[in-house]
Amino acid sequence: MNQNIPLSSRLKIIADYLPKGANFADIGSDHAYLPAYVCLRDKTARAIAGEVNQGPLESAKKTIQLHQLEEQIDARLGDGLAVLKEGETEQIVIAGMGGALITSILEKSPAIAQSAGRIIAQPNIDARAVRQWFNQNDFILIAEEIVDEQGHIYEILVADRHTEVSSPYSDNTQIKDKQLLLGPYLLTEKNNAFIKKWTLEKANLKRIISQMQQAKQVNHEKISAFQTELHWIKEELHHEETNT
């Protein structure tokens, strides 16, 4: 029956990072496709589909009813992690939002966030903000994926609170800053989606720097920071071109 769930590639990747018997929350669940997909494949899984707006909540409830998953999935109305009690779920999924919004959701309910064993985040933009939050809040980044889906590039970050996996970041501050921007695991793999994303970002960053240099009041500090990022991107893309 799970073939009837119209799940995107990025959500299927997220589903694969949920263990058998998962007890998870999907924050901003929309139609509750992810919880339904997981629970149809695994009758021992339990999920909470959280939505801040009534319309998407009703859509989630329809999906749950359609697939007779009322015993496994609970749809709740609320802002972010406010739909959860502390320790109620073992995994938290926050997908399809900007990195700043994801970190804001986590920061609003720190006790609930910290009570989860795993957080899976899929920021549409600014994955660095999420990596930084994980790094500052005792969550170890254990895996990353980057996928090109219908012309949009998505990054998926998986972090565990209690794990034997060591930190993927360098002790060197500058290298670590580069890893936070580009992704420590993604830097190692450098697949086609990674190359595409950072080729586009390189062009965008060049344009921004040029515009800032022509401004009436030039912010030299910000330009310098952007130039450093541009150097990192060029360096990695050049390494890849050299090796192909």
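Before reading further, recall that the structure is shown in the block above.
What counts and what doesn't
Residue indices begin from 1 for each chain and proceed along its sequence in written order. Under the rules for a predicted model, residues below a pLDDT of 70 receive no local features and side-chain atom pairs below 80 are neither given nor counted, while totals for whole chains, interfaces and linings still include all residues. With hydrogens and water stripped out, all remaining heavy atoms of the structure feed into the side-chain values. DSSP-based pairing: two strands are paired if at least 2 bridges between them are found. Under the scheme used here, helices are H or I runs from DSSP no shorter than 4 residues and strands are E runs no shorter than 2 residues, and both carry numbers assigned from the N terminus. By the criterion used throughout, a crossover qualifies as right-handed when its path from the first strand across the helix to the second strand runs clockwise, the strands pointing away from the viewer. Note on exposure labels: buried denotes an accessible area under 20% of the residue type's maximum, exposed denotes more than 50%, and partly exposed covers the range between, all computed with a 1.4 Å probe on protein chains only. Should any heavy atoms of two residues lie within 4.5 Å, those residues are counted as being in contact.

> Break down the pairing of strand β3 (residues 73-77) for me, citing the residues and quoting the values.
Summarising the sheet, strand β2 (residues 46-51) and β3 pair through 5 bridges and their orientation is parallel. The residue bridging A49 from the neighbouring strand is A75, located in β3. With helix α3 (residues 54-66) bridging β2 and its parallel neighbour β3, the resulting β-α-β unit is right-handed.

> Can you explain helix α2 (residues 33-41)? Please cite residues and give values.
With 7 of 9 residues buried, α2 lies mostly within the body of the structure. Among all positions in α2, only L34, P35, A36, Y37, V38, C39 and L40 are buried. Of the surrounding secondary structure, the elements contacted by the buried residues of α2 are α1 (9-16), β1 (23-27), β2, α3, β3 and β4 (91-97).

> I'd love a proper account of helix α6 (residues 127-136), names of residues and values included.
Among all positions of α6, only A127, A129, V130, R131, W133 and F134 are buried. D138 sits one or two positions beyond α6 and adopts a positive phi of about 65°.

> Before we move on, could you go through unusual backbone geometry and cite the residues and values that matter?
For D30, which is not glycine, the phi dihedral falls at a positive 60°. Mapped onto the fold, D30 is located in the loop between β1 and α2. Its identity as a non-glycine residue notwithstanding, Q150 has a phi of 50°, on the positive side. On the basis of relative accessible area, Q150 is assigned to the exposed category, the value being 79%.

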